[in-house]
Amino acid sequence: MKVYTKTKEKKNRKSLLALIIGFVLIAIAIIITLCVTLSGPSQDVGGNVIPPNNEQTEQYVMPLSEYTMGQDFSDKLVYNQTLKQWRTHNGVDFIAEKGTPVMAILGGTVKSIENTTLEGTVITIEQSDGIITIYKSLSADVNVEEGATVKAGDVIGSVDVTMATEKKEGAHLHLEMKKDGAYLSPLDYLPDGSDK
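Just so we're clear, the structure is a prediction, and the values are computed from it rather than from any experiment.

K.L.:
So, the overall build of the chain: which residues are in play, and what are the values?
P.N.:
Helices and strands together make up the secondary structure of the chain, namely 1 helix and 14 strands. When each of the 196 residues of the chain is scored for burial, the buried share is 33%. Contacts spanning at least 24 positions in sequence make up 61% of the contacts within the chain whose residues lie at least 6 apart.

Dropping the structure here:
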């Protein structure tokens, strides 16, 4: 016959208590991990970042329906054929026929429309997601005015050969994106960056 003493009973209780505390800590760690993982930004099938609250109603669209990909975004030095010098390429070039309609890639507000010698007609839109989108090398005849609200897919202008710094590219859209002053690669946001 076994005789249990109070010390053996205390040891068993302490072991049981330690085991319970261990399981509780593991459960808390799993819950925290799931909360952090599930609360981050998610990706939809097209690669567009969707806010955690899933309230985005508009999706990014391509700026042109027909194009050939030209020079890609590069924060490293690339050779510019027109200027015959090495420089960064802060946007993406979509080569298309002169007059091809250019569409807003996401809804927002037209902040400015400028005609410059070096960049041609430039439309700047502050998008609904806070990113600034800059459309360069457009025809002087634009379809929007400053302060106008646009939706994704709205035609804002047309392709031309007005960007003197990229004249050798021919007719094309030069598209730039900025957030907090830093340039972003448009292809990280657009649904399809292949030739069409």
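K.L.:
For the side chain of Thr121, give the residues involved together with the corresponding values.
P.N.:
Assignment of secondary structure puts Thr121 in strand β9 (residues 120-127). On the basis of relative accessibility, which here comes to 3%, the residue Thr121 falls in the buried class. Discounting chain neighbours no more than four positions away, the residues touching Thr121 are Ile113, Glu114, Asn115, Tyr135, Lys136, Ser137, Leu138, Ser139, Ala140, Val142 and Thr162.

K.L.:
Outline unusual backbone geometry, supporting the account with residue identities and numerical values.
P.N.:
Of note, the phi angle at Ser137 is positive, near 70°, even though the residue is not glycine. For Ser137, the position within the fold is in strand β10 (residues 132-138). The backbone of Asp180 sits at a positive phi, close to 55°, despite the residue not being glycine. Summarising the element assignment, Asp180 is placed in the loop between β13 (172-179) and β14 (182-184).

K.L.:
Give a detailed account of the pattern of salt bridges, specifying residues and quantitative values.
P.N.:
Per the stated rule, a full pass over the model turns up 4 salt bridges. Its salt-bridge partner being Lys98, residue Asp160 comes within 3.6 Å of it at the nearest N-O pair. In this pair, Asp160 sits in the loop between β12 (155-158) and β13 while Lys98 sits in the loop between β6 (91-95) and β7 (101-103), placing the two residues 62 residues apart along the sequence. By relative accessible area, Asp160 is classed as buried at 12%.

K.L.:
With reference to specific residues and values, describe the environment of Asp192.
P.N.:
Structurally, Asp192 can be placed in the segment after β14. Here Asp192 falls in the partly exposed class, since its relative accessible area comes to 26%. Considered as a pair, Asp192 and Met62 are 130 residues apart in the sequence and their alpha carbons are 7.0 Å apart. Discounting chain neighbours no more than four positions away, the residues touching Asp192 are Met62 and Tyr67.

K.L.:
Can you explain the nonpolar core? Please cite residues and give values.
P.N.:
Counting residues in each nonpolar core, the largest one holds 28 residues, and the members touching the most others are Phe94, Tyr135, Ile156 and Leu173. Of all elements in the fold, only β6, β9, β10 and β13 reach the threshold of two or more residues within this core. Here the element with the most residues in this core is β13; it accounts for 3 residues.

K.L.:
Outline the side chain of Thr100, listing residues and values.
P.N.:
One can find Thr100 in the loop between β6 and β7. One polar contact links the side chain of Thr100 to the main-chain carbonyl oxygen of Glu97, over a distance of 2.7 Å. When residues no more than four places from it in sequence are discounted, the contact partners of Thr100 are Leu64, Glu66, Gly157, Ser158 and Val159.

K.L.:
Can you tell me about the packing of aromatic side chains, naming the residues and giving the values?
P.N.:
A complete count under the given rule lists 2 aromatic pairs for this structure. Both rings, one in Tyr60 and one in Tyr189, keep their centres 5.6 Å apart while their planes meet at 50°; by these two values the pair is tilted. Here Tyr189 lies in the segment after β14 and Tyr60 lies in the loop between β2 (49-50) and β3 (68-69), a separation of 129 residues in the sequence. Residue class for Tyr189 comes out partly exposed when judged on its relative accessible area of 21%. With 5.2 Å between their ring centres and 90° between their planes, Tyr67 and Phe94 make a pair best called edge-to-face. Here the residue Tyr67 occupies a position in the loop between β2 and β3, and Phe94 occupies one in strand β6, the gap between them amounting to 27 residues. One exposure class covers both Tyr67 and Phe94, and it is buried.

Rules used throughout
- Residues numbered from 1 in each chain as written.
- Predicted model: local features only at pLDDT ≥ 70, side-chain atom pairs only at ≥ 80, totals over all residues.
- Heavy atoms only, no water.
- Helix = DSSP H or I, 4+ residues; strand = E, 2+ residues; numbered from the N terminus.
- Buried < 20%, exposed > 50% of the residue type's maximum accessible area, 1.4 Å probe, protein only.
- Contact = heavy atoms within 4.5 Å.
- Salt bridge = Lys/Arg side-chain N within 4 Å of Asp/Glu carboxyl O.
- Core = buried A, V, L, I, M, F, W, Y, C linked by side-chain atoms within 4.5 Å.
- Polar contact = N/O pair within 3.5 Å; in protein donor to acceptor, adjacent residues only side chain to side chain.
- Phe/Tyr/Trp six-rings, centres within 6.5 Å; stacked < 30°, edge-to-face > 60°.

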